[in-house]
Amino acid sequence: MTIARIAASLASQFEKHRIVFWYDAEHSFRDAFQAVSIPGVEKVEIANNEFGLKHRILREAPKQKFFLYKEGSEPDRIENWLLDVQLANGEFRMDQVSNWLSELGLGISFSDLVRKHEEFFRAAKRIEQLKRLLRPDDTASALRLKMLAVCANADPTFDAVAENLLAEHAEKKDDRLRLITRFALDEFLWEQMDRHYGYRAKDPSIPDFAIELFKSCYAFGVRSDARLSSEALVFFRRWKNNRNTAESFETLSAEYEEALVIPTDLAKRDFRTLMELDYFREIDREIIRNLVREVGAQTVPHADVVSWIRQRRQSHWYQEFADLYQALGHAADFLQSVAQATLNMESLSDGARRYAQSWFRIDQLYRQFVFYMQRSAQASLMGDLFKRIENLYVNTYLLKLNNRWQEHIDVADHWEAPPIMRQREFYASQVAPYRRKDLKLCVVVSDAMRYEVGEELLGRIRSLDRYDAEIEPALASLPSYTQLGMASLLPNEQIRIADDDTGVVLVDGISSQGLVNRRKILERGRAGDRVAALKAEEVMAMKGDEARTLLRDHDVVYIYHNRIDAAGDKMVSEERVFEAVEDSLDELVKLVKKLTAANASNLVLTADHGFIYQHRPIEESDFSGAEVIGDTLLFKDRRFVLGKGLAAQSGLRKFEPAALGLEGDVEVLIPKSINRLRLKGSGSRYVHGGASLQEVIIPVLKINKKRQSDLSAVEVEIVASSNKTITSAQISVLFYQSTPVTEKAQPRRLRAGIYSGAGELISDSHDLLFDFPSENPREREMPVRFLLSKKADNFNGQEIVLKLEEQHAGTSHFKEYRSMRYLLRRSFTSDFDF
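The structure contained in this document is the topic of the report that follows. All of these numbers come straight from a predicted model, not from anything done at the bench. (Residues numbered from 1 in each chain as written. Predicted model: local features only at pLDDT ≥ 70, side-chain atom pairs only at ≥ 80, totals over all residues. Heavy atoms only, no water.)

1. Section: the pattern of salt bridges
A complete count under the given rule lists 71 salt bridges for this structure. Two residues, Asp 771 and Arg 313, come together in a salt bridge whose shortest N-O distance is 2.6 Å. Of this pair, Asp 771 sits in the loop between strand S27 (766-770) and strand S28 (781-787) while Arg 313 sits in the loop between helix H17 (302-312) and helix H18 (318-340), and the two are 458 residues apart along the sequence. With a shortest N-O distance of 3.2 Å, Arg 818 and Glu 715 are connected by a salt bridge. With Arg 818 in strand S30 (residues 814-824) and Glu 715 in the loop between strand S21 (712-713) and strand S22 (716-719), this pair connects stretches of sequence that are 103 residues apart. (Salt bridge = Lys/Arg side-chain N within 4 Å of Asp/Glu carboxyl O. Helix = DSSP H or I, 4+ residues; strand = E, 2+ residues; numbered from the N terminus.)

2. Examining the environment of Arg 676
For Arg 676, the position within the fold is in the loop between strand S18 (667-671) and strand S19 (686-687). The exposure class assigned to Arg 676 is buried, which follows from its relative accessible area of 0%. When the C-alpha positions of Arg 676 and Ser 102 are compared, they lie 92 Å apart, and in sequence the two are 574 residues distant. Other than its neighbours up to four places away in sequence, Arg 676 contacts Ile 612, Gln 614, Ile 618, Asp 622, Phe 623, Ser 624, Arg 638, Ser 684, Arg 685 and Val 687. A polar side-chain atom of Arg 676 sits 2.5 Å from a polar atom in the side chain of Gln 614. Within polar-contact distance, the side chain of Arg 676 engages the backbone oxygen of Arg 685 at 3.2 Å. (Buried < 20%, exposed > 50% of the residue type's maximum accessible area, 1.4 Å probe, protein only. Contact = heavy atoms within 4.5 Å. Polar contact = N/O pair within 3.5 Å; in protein donor to acceptor, adjacent residues only side chain to side chain.)

3. What to know about unusual backbone geometry
Glycine aside, negative phi is the norm for most residues, and most peptide bonds take the trans geometry. Across the junction of Pro 418 and Pro 419, the peptide omega takes the value 10°, indicating a cis bond. Mapped onto the secondary structure, Pro 419 falls in the loop between helix H20 (379-410) and strand S5 (421-422). Here the bond from Leu 478 into Pro 479 is cis, since omega is 0°, no more than 30 degrees from zero. Tracing the sequence through the fold places Pro 479 in the loop between strand S7 (467-475) and helix H23 (482-488). In this structure, Val 261 is a non-glycine residue whose phi angle is positive, near 55°. Mapping Val 261 onto the fold places it in the loop between helix H14 (246-259) and helix H15 (262-267).

4. Quick word on the sheet that holds S30
Taken in spatial order, the five strands make up an open sheet running S23-S30-S29-S26-S27, and their pairing is mixed. Strands with a single pairing partner mark the edges of an open sheet, and in this sheet they are strand S23 (725-726) and S27. Here five bridges tie strand S26 (residues 748-755) to strand S29 (residues 799-807), and the two strands are oriented antiparallel to one another. By the bridge assignment, Ala 752 is partnered in S29 with Leu 804. (Pairing = 2+ DSSP bridges.)

Below, the structure written as structure tokens:
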């Protein structure tokens, strides 16, 4: 050993001891003793001077550090005058084991341990890693655990060692385990496996432990006998829920799902008993298959379905199956809404009002169900449920509702439903009042954003911090096609459909086709107004300064957004129209944010028309059997005809232009209810132009941004029980969300666990999302079961704390949100008490 190494080892010794002895039994290190120098340490040779030396180090210099060297062997204890001093202090040795002990700052009592695992200490890197983990009060068991941690490249806890060994096994490797065996630590490893998890085997191995871990934890979940202890379940849950170890868990779960024949076992069980389990993907598949069947047959209460789906959101695999769960949730809501709907109306006004109040929700739920069903790509699985929902939507809701609506259309003299605003009044009632006050305004027109889509957009806007919005319905101009709808939103005295085959609409004699013409018409709204008309994608492409300049230099800005109609109007893409709706919602939120960031303080969003969409191919009965007859047929679409001298027929409603508030002599035919006209080369599932509620009730959203934050998170309480004593290995706790989630009272995510008084986690941990929207208090309760770990035994008879913690935004730091104290008083008569 070099002088430098000797000095380093001695320095480590003097961090713990004032006096260090060195017996040079081989008479080989006098030169090293004389050469070594340690700051603040006095070197003294023991040479028949024991009595005087003892007096000096204990009485004359009681604070001075001494390095005492004796050339020769250590004397027998009975003849060692300095034995008491030696025993109270440290000893430096030059053999390899002693060097390692010295370097690690370990006492001579660890000599046998080091010799047994000598191979471990032969690498300086391992010694350095181990040294960083050591504490002064380490026992032999603690030291071996830390040696395991070094071998497994883990934190110095046995759970962390086990996690890393499982991760290695998932990768089909065993390098870490072979190191443990090479260093004679395998016996200790399996002793700890037994102690911590109850794992015993004639020929123990990580593969055997891994499959037994899955097998036993599944057995615990289905109330069967398990070989491993309850502590294994606590470990398993932590491992499963740890994002850093998710990949290894998922790999082994997939492997053992097949090996343990889990699908066969699940098929024998009631899916209701599986709601707390997420150890295998097949559990979610089994639950989903059953829910598809039960929801379709309506054999389970709606509240149960909502509760189960919410519970499954805690599943490890939820994101993988999220689209299916979402589809099922919307399907259950849809079925309940259809069952509860009363589709009667007294007049056009009453029908329009009731549609905007409640009936639109059925269209919204149908759209959301179809969207998530499509995105799940599980058409076969969802086939029967889809057929039921499609049949109910078309025949029980869409057709019946619009048949009754048609009854009132047939007797109406004029196309109006007061007090609901007519679309052609939009500029006069929504834009002009701002301009009379010299307030600037941005108008966003989203093509085909029917009322239910606008209502969902309302919720998304209101959920943004400092944003507020309100919605009202408007009655679209008839026929409900793009050219007329866009024209009706401009300032107008007279609106007339062109007397040709283009379908173009003139506003006060000016064509409303294209942005240039619309800008001209907008300039006529109020003398001197600086106006702009442009596409949404142009605005989104602007830099911040450019957007601010646009709003600064113009009084009225019309922005045209087209995603829904662009997809729906093409046969090749009409089946993706609900996907286009979802994209539109995202884009419109971004557009609103962009405009407010550019200092827009007044925003109005609306649409040119709505639409009907039926996901299944259109059947023969959906087409009108009436033949279109007239003197001149100018324009024909799936849902309307423009012409002159048109003949009224039983399946078609004829309108004179004056009845629709139009000038000129172009007449209109509308197929009744939801029927389509035959038209080659065009789609038939997505249509607009007719008079159905879905086509003609459009949204008008007014949006403004506040100066102060108006968002908050819902409050959560721990419901106190009368008994605050824990007497078993588990405890069930009820959490209560005090108010429903709304746009402004947002969900709260919390971490829950049971801790010792010193803050050590002694149970499994749960990530909980409180996002209940129900007004019913009972539907905002969340029961959670906690499993105590073996560490909890150390705190028996003491107070322990249930904590709810909240993560500080943008950090990994958690702060306490709520807590409740319990007394732990376990009898230990049962390892587990399911």
